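Listed below, chain by chain, are the residues.
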Amino acid sequence: PPDPREEALAATVSQLLEKEHLLRKQIDGGISRQAFDTYIDRLDGGKMFLLQADRDALAIYTVIIDDELDTGNLELAHDGAKRYQARLAVVEKMVAEILDKPFDFSNEEWVELDPEKLKLAATEDELRDRWHKRLELEVLERVAGMEARLEAEKTKKPTAVSAATASITATA
């Protein structure tokens, strides 16, 4: 059963958008389409969890968000949250499987990090590949960071404080 507060929340959002917002736009199908795209972007902005099939399944809400606000029935939010939680469980298992095996750094790969240039993955295999490349990149970045810190420590000249500490340690 829906939360009884959802009806009040929906009414408040409608009033704020239509009467208090700077643009004072009427909530209709056009606004619903914009809201849907924004919702999907906020739900998985990095495009690392949802599949295109998830978006397609949620697309039934594209033009009825205004109706949901009118009735106080926020099914898109519930359905979206369920789908996201299900995807999260799949991705957690996927990441564990990826990290369970050593990475092969001998091949040259490319990874797109800008979500604006990505589409939602079409298949779980495509999503797995996206995660594999992202995790491999994170490992490489951490190793490079550690190597840079080690190199900086090697080239760092001893200061008066470190020289004094070394002198005290040597005499102790």
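Asker: When you look at the pattern of salt bridges in this model, what are you seeing that I'm missing?
Answerer: Proximity of charged atoms lets side chains of opposite charge pair with each other. In total, this model carries ten salt bridges according to the counting rule given. Its salt-bridge partner being Arg 128, residue Glu 97 comes within 3.0 Å of it at the nearest N-O pair. Taken together, the residues Glu 97 in helix α5 (residues 75-99) and Arg 128 in helix α6 (residues 124-155) connect sequence positions 31 residues apart. Accessibility expressed as a relative area gives 32% for Glu 97, which makes it partly exposed.

Asker: Would you explain the packing of α5 against α6 in this entry?
Answerer: Helices that pack against each other are described as a pair by the angle of their axes relative to one another and the distance between those axes. Their axes nearest at 10 Å, the elements α5 and α6 cross at an angle of 55°. On the basis of the axis angle, α5 is oblique to α6. Here α5 runs over α6; the crossing is right-handed. Counted together, Arg 87, Val 90, Val 91, Met 94, Val 95, Glu 97, Ile 98 and Leu 99 of α5 and Glu 124, Leu 127, Arg 128, Trp 131, His 132 and Leu 135 of α6 form the full contact between these two elements. Taken together, the residues of the contact of α5 with α6 sort by class into nine nonpolar, one polar and four charged.

Conventions we followed
Residues numbered from 1 in each chain as written. Predicted model: local features only at pLDDT ≥ 70, side-chain atom pairs only at ≥ 80, totals over all residues. Heavy atoms only, no water. Salt bridge = Lys/Arg side-chain N within 4 Å of Asp/Glu carboxyl O. Helix = DSSP H or I, 4+ residues; strand = E, 2+ residues; numbered from the N terminus. Buried < 20%, exposed > 50% of the residue type's maximum accessible area, 1.4 Å probe, protein only. Axes fitted to C-alpha atoms, helices over the stretch in contact; angles between N-to-C directions. Parallel < 35°, antiparallel > 145°, perpendicular 65-115°, else oblique. Left-handed = near helix turned anticlockwise from the far one by under 90°. Contact = heavy atoms within 4.5 Å. Nonpolar A, V, L, I, M, F, W, Y, C, P; charged D, E, K, R; others polar.

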